[in-house]
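Now for the letters of each chain:
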Amino acid sequence: KNGVIRPVDILDYATRSVNLDGGATVVIASFDGNELQIANLGDCGARIVRKGRIILETKEQSTGLNLPYYVGIVEGKRVGYGAADADVYRAGLEVGDIVVLGSDGLFDNMHNWRIANIVGSSKPLEEQAKELAMNAFELSLNQKYISPCTDKSGIIGGKPDDITVVVAKCVS
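Residues numbered from 1 in each chain as written. Predicted model: local features only at pLDDT ≥ 70, side-chain atom pairs only at ≥ 80, totals over all residues. Heavy atoms only, no water.

Draft legend 1. Fine view of the packing of aromatic side chains. If you walk through the whole model with that rule in mind, you get two aromatic pairs. Measuring from centroid to centroid gives 4.0 Å for Tyr69 and Tyr81, while their planes differ by 5°, and the two rings are stacked. Of this pair, Tyr69 sits in the loop between strand S5 (53-57) and strand S6 (71-74) while Tyr81 sits in the loop between strand S7 (77-80) and strand S8 (87-92), and the two are twelve residues apart along the sequence. Relative to Tyr81, the ring of Tyr70 lies with its centre 6.4 Å away and its plane at 85°, an arrangement referred to as edge-to-face. Residue Tyr70 is found in the loop between S5 and S6, and its partner Tyr81 is found in the loop between S7 and S8; the two are separated by eleven residues along the sequence. For Tyr81, a relative accessible area of 29% puts it in the partly exposed group. (Phe/Tyr/Trp six-rings, centres within 6.5 Å; stacked < 30°, edge-to-face > 60°. Helix = DSSP H or I, 4+ residues; strand = E, 2+ residues; numbered from the N terminus. Buried < 20%, exposed > 50% of the residue type's maximum accessible area, 1.4 Å probe, protein only.)

So, in structure tokens, the structure goes:
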């Protein structure tokens, strides 16, 4: 539609085109006018923050604790899941909305209210992304922290992991 490539099509193309051993969970987003489209596979995720409140939260896909859906190749053979298994989300955006994309290292360590507080600031987006990543990293090392991961596992403490963060703002 209108020349916009859907995120699930990008995921499908990538999973068919890459031939290197390895695996990953994936979140891909694209804009079509004022609509945000998201394809999410595994324990990466997205949030949309509007006026300090989370209005959209993707759900983790897993077969159990620390067993997320993923795409991958092992010894030249495709393993895991594919684009057809991704959850697809669509949301209308308003001027001022903030979109946060991240890996499980962000969302396993940062409650939504913490994310909303940081991206609700007047700081530049790059600084907000860095602040989210640094907070997630610091909390991941805190063995007394009641993290979002604690809610899933019952294990108290942060969860050290990879942390990737992208922050974008709807300006028109």
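Here the narrative resumes.
Draft legend 2. Representation of the side chain of Ser147. With respect to the secondary-structure elements, Ser147 resides in the loop between helix H4 (125-140) and helix H5 (148-153). On the basis of relative accessible area, Ser147 is assigned to the buried category, the value being 0%. Engagement of the side chain of Ser147 in a polar contact is seen with the backbone nitrogen of Cys149, the distance being 3.2 Å. Once residues within four sequence positions are removed from consideration, Ser147 is found in contact with Asp108, His111, Gly157 and Gly158. (Polar contact = N/O pair within 3.5 Å; in protein donor to acceptor, adjacent residues only side chain to side chain. Contact = heavy atoms within 4.5 Å.)

Draft legend 3. Here's a closer look at the nonpolar core. Val100, Leu106, Met110, Val119, Leu132 and Val167 are the most contacted members of the largest nonpolar core, which has 17 residues in total. Leave out the neighbours within four places in its chain, and Val119 touches Val49, Ile98, Val100, Gln128, Leu132 and Val167. One finds Ala46, Tyr89, Leu93 and Leu101 within the second-largest nonpolar core, a separate group that totals 13 residues. (Core = buried A, V, L, I, M, F, W, Y, C linked by side-chain atoms within 4.5 Å.)

Draft legend 4. Region of the structure containing the pairing of strand S9 (residues 98-102). Among the five residues in S9, five count as buried, and that is most of the element. Burial of the side chains of S9 extends over both faces: Ile98, Val100 and Gly102 are buried on one face and Val99 and Leu101 on the other. Pairing of strand S4 (residues 45-50) with S9, which is carried by five bridges, proceeds in the antiparallel orientation. Counted as the bridge partner of Ala46 is Leu101 from S9. Strand direction decides the pairing type here: S9 and strand S10 (residues 165-169), joined by five bridges, are antiparallel. Looking at S10, one finds that Leu101 is bridged to Val166. (Pairing = 2+ DSSP bridges.)

Draft legend 5. Representation of H4. Here H4 spans 22 Å end to end across 16 residues, near enough to the 22 Å set by a 1.5 Å rise per residue. Buried within H4 we find Gln128, Ala129, Leu132, Ala136, Leu139 and Ser140. Projected down its long axis, H4 carries its buried residues within an arc of 105°, all on one side. Projecting away from the buried face of H4 at angles above 90 degrees are the exposed residues Glu126, Lys130 and Glu138. Packing partners of the buried residues in H4 comprise S9, helix H2 (104-107), helix H3 (112-119) and S10. (Expected span 1.5 Å × (residues − 1). Arc of directions from axis to C-beta.)

Draft legend 6. A look at unusual backbone geometry. A positive phi angle, near 60°, is found at Asn66, a position not held by glycine. Note on placement: Asn66 falls in the loop between S5 and S6. Take Asn66: its relative accessible area is 53%, and that puts it in the exposed class. At Glu75, a position not held by glycine, the phi torsion is positive, near 50°.

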